[in-house]
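These are the residues of each chain, in order.
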Amino acid sequence: KLRYDQMREGDPSKTEETAQPNADNGLYHAPGQARNLCLVWPDGKRFFLNYAYLIAGELNLDGEKNVIILHFSSHTVTLSGYGLEALFRELLDHLPRIIFSIDERYVTENDLGSKEMTVIGISIQKAE
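This one's a predicted model, so the numbers in the text were calculated from it and none came from an experiment.

Participant: Lay out the nonpolar core in plain terms, naming residues and giving numbers.
Facilitator: Leu37, Leu39, Leu70, Leu79, Leu87, Leu91 and Ile99 are the most contacted members of the largest nonpolar core, which has 16 residues in total. Listed by contribution, the elements that provide at least two residues to this core are strand E1 (36-40), strand E4 (66-72), strand E5 (75-82), helix H3 (85-92) and strand E7 (118-126). The dominant element in this core, judged by the number of residues it contributes, is E4, at three residues. Dropping the residues within four chain positions of it, leucine 79 is found in contact with Leu39, Asn66, Val67, Ile68, Leu70, Leu84, Leu87, Leu91, Ile99, Gly121 and Ile122.

Participant: Would you mind going over the pairing of E1 in detail, with residue names and values included?
Facilitator: If a strand is regular, its side chains alternate between the two faces of the sheet. Counting buried positions along E1 gives four out of five residues, so the element sits mostly inside the fold. Two strands pair when backbone bridges link them, and E1 and strand E6 (residues 98-100) are joined in this way by three bridges, in the parallel orientation. Residue pairing for E6: leucine 39 is matched across the bridge by isoleucine 99.

Participant: Which residues make up the sheet that holds E5, and what values do they have?
Facilitator: Pairing in this open sheet of four strands is antiparallel, and the strands run E3-E4-E5-E7 from one edge to the other. Edge positions in the sheet fall to strand E3 (54-60) and E7, since each of these pairs with one other strand and no more. Neighbour-to-neighbour, the strand axes of the sheet open up by a mean angle of 15 degrees, direction not taken into account. Both E4 and E5 contribute to a ladder of six bridges, which runs antiparallel. What sits directly across from isoleucine 68, in E5, is leucine 79.

Participant: Before we move on, could you go through the pairing of E4 and cite the residues and values that matter?
Facilitator: Burial along E4 is one-sided: Asn66, Ile68, Leu70 and Phe72 are buried, and none of Val67, Ile69 and His71, which face the opposite way, are. Relative to E4, E3 is paired through six bridges, and the arrangement is antiparallel. Residue pairing across strands places glycine 57 opposite leucine 70, the latter belonging to E4. A loop of five residues connects E3 with E4, the two strands running antiparallel in sequence, and glycine 63 in this loop sits at a positive phi of about 70 degrees.

Participant: Break down the environment of arginine 97 for me, with residues and values.
Facilitator: With respect to the helices, strands and loops of the structure, arginine 97 is situated in the loop between H3 and E6. For arginine 97, a relative accessible area of 26% puts it in the partly exposed group. Separated by 70 residues in sequence, arginine 97 and leucine 27 have C-alpha atoms that sit 5.1 Å apart.

Participant: Can you explain the packing of aromatic side chains? Please cite residues and give values.
Facilitator: Under the defined criterion, the tally for this structure stands at zero aromatic pairs. We note lysine 45 situated over the ring of tryptophan 41; from NZ or CZ to the ring centre the distance is 4.6 Å.

Cut-off values and rules
- Residues numbered from 1 in each chain as written.
- Predicted model: local features only at pLDDT ≥ 70, side-chain atom pairs only at ≥ 80, totals over all residues.
- Heavy atoms only, no water.
- Core = buried A, V, L, I, M, F, W, Y, C linked by side-chain atoms within 4.5 Å.
- Buried < 20%, exposed > 50% of the residue type's maximum accessible area, 1.4 Å probe, protein only.
- Helix = DSSP H or I, 4+ residues; strand = E, 2+ residues; numbered from the N terminus.
- Contact = heavy atoms within 4.5 Å.
- Pairing = 2+ DSSP bridges.
- Axes fitted to C-alpha atoms, helices over the stretch in contact; angles between N-to-C directions.
- Phe/Tyr/Trp six-rings, centres within 6.5 Å; stacked < 30°, edge-to-face > 60°.
- Lys NZ or Arg CZ within 6 Å of the ring centre and 35° of its normal.

Everything listed here is a matter of geometry and, on its own, says nothing about what the molecule does.
Take a look at the structure:
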């Protein structure tokens, strides 16, 4: 009876990992079927696309600024910023869930010298 009561009180479908709240770090916590990429602008505007429709990606490391171009079946997304090589590798594995863009005026000289990823521009165009 003791085991039965314990099972009734708990949710056997929950694992220890899902039972504890995880910090939202912008990455998916576990493999899954449906994955989306949400893009967020400094003004709060949001747009998401499904990774299933990601066809190709390009990384341009010319100069100080980096540019990532993502070709989805319906849209082309251009991300610009600093230190985007790590982001490109994460996009290759469909890991980022949310990408935030900040206003370029908040980028300091320290940010430029560090290897930390900073997205300062997001543009989306419908594919033709």
